[in-house]
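Here are the chains, one letter per residue:
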Amino acid sequence: MKPDWDKLIAAYKGHASTLIADVDCTAGGKSLCEQVGVRGYPTIKHGDPNDLQDYKGGRDFAALKKFAEGLGPQCGPANLDLCDEAKKK
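Residues numbered from 1 in each chain as written. Predicted model: local features only at pLDDT ≥ 70, side-chain atom pairs only at ≥ 80, totals over all residues. Heavy atoms only, no water.

Caption draft 1: Local environment of the pattern of salt bridges. In total, this model carries four salt bridges according to the counting rule given. Two residues, Asp22 and Lys2, come together in a salt bridge whose shortest N-O distance is 2.8 Å. Linking Asp22 in the loop between helix H1 (2-11) and helix H2 (30-36) with Lys2 in helix H1, this pair joins segments that are 20 residues apart in sequence. Overall, the relative accessible area of 42% leaves Asp22 in the partly exposed class. When the shortest N-O distance is used, the salt bridge between Lys65 and Glu69 registers 2.7 Å. Of this pair, Lys65 and Glu69 both sit in helix H3 (residues 61-69), four residues apart, roughly one helical turn. When salt bridges that share partners are traced, they join Lys2, Asp6 and Asp22 into one network. (Salt bridge = Lys/Arg side-chain N within 4 Å of Asp/Glu carboxyl O. Helix = DSSP H or I, 4+ residues; strand = E, 2+ residues; numbered from the N terminus. Buried < 20%, exposed > 50% of the residue type's maximum accessible area, 1.4 Å probe, protein only.)

Caption draft 2: Quick peek at the nonpolar core. If you look at the biggest cluster of nonpolar residues, it comprises nine residues: Trp5, Leu8, Tyr12, Ile20, Ile44, Tyr55, Phe61, Leu64 and Ala68. In terms of residues, this core owes the most to one element, H3, which gives three residues. (Core = buried A, V, L, I, M, F, W, Y, C linked by side-chain atoms within 4.5 Å.)

Caption draft 3: A look at the state of the cysteines. A complete count under the given rule lists two disulfides for this structure. The residue that forms a disulfide with Cys25 is Cys33, at a sulfur-sulfur distance of 1.9 Å. Here Cys25 and Cys33 share a disulfide; its torsion about the S-S bond, -70°, makes the bridge left-handed. There is no split in this pair, since Cys25 and Cys33 are both buried. Between the sulfur atoms of Cys75 and its disulfide mate Cys83 the distance is 2.0 Å. (Disulfide = S-S within 2.5 Å.)

Caption draft 4: Representation of the packing of aromatic side chains. Scanning the entire structure with this criterion turns up one aromatic pair. Across the ring face of Phe61, the terminal group of Lys7 is positioned such that the distance to the ring centre comes to 4.3 Å. (Phe/Tyr/Trp six-rings, centres within 6.5 Å; stacked < 30°, edge-to-face > 60°. Lys NZ or Arg CZ within 6 Å of the ring centre and 35° of its normal.)

So this is what it looks like as structure tokens:
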């Protein structure tokens, strides 16, 4: 999976609204991984940095890229225009 993940990182480098990155949970990123609930490796998380969700899709480049293409800003305090009326309350 690592080569496909690195390829995805390169494809999204400098993207305006989507960040693809990796964290080494065995070294300097250990505290971040504990904070967001990483328990096994490799783990892929996505979504709002304050509410990351587990990725459950395919692990090859095509599946990862297709999923990443659907990512972007979501409903939240910084994007109220993306929220429906129920979520704004």
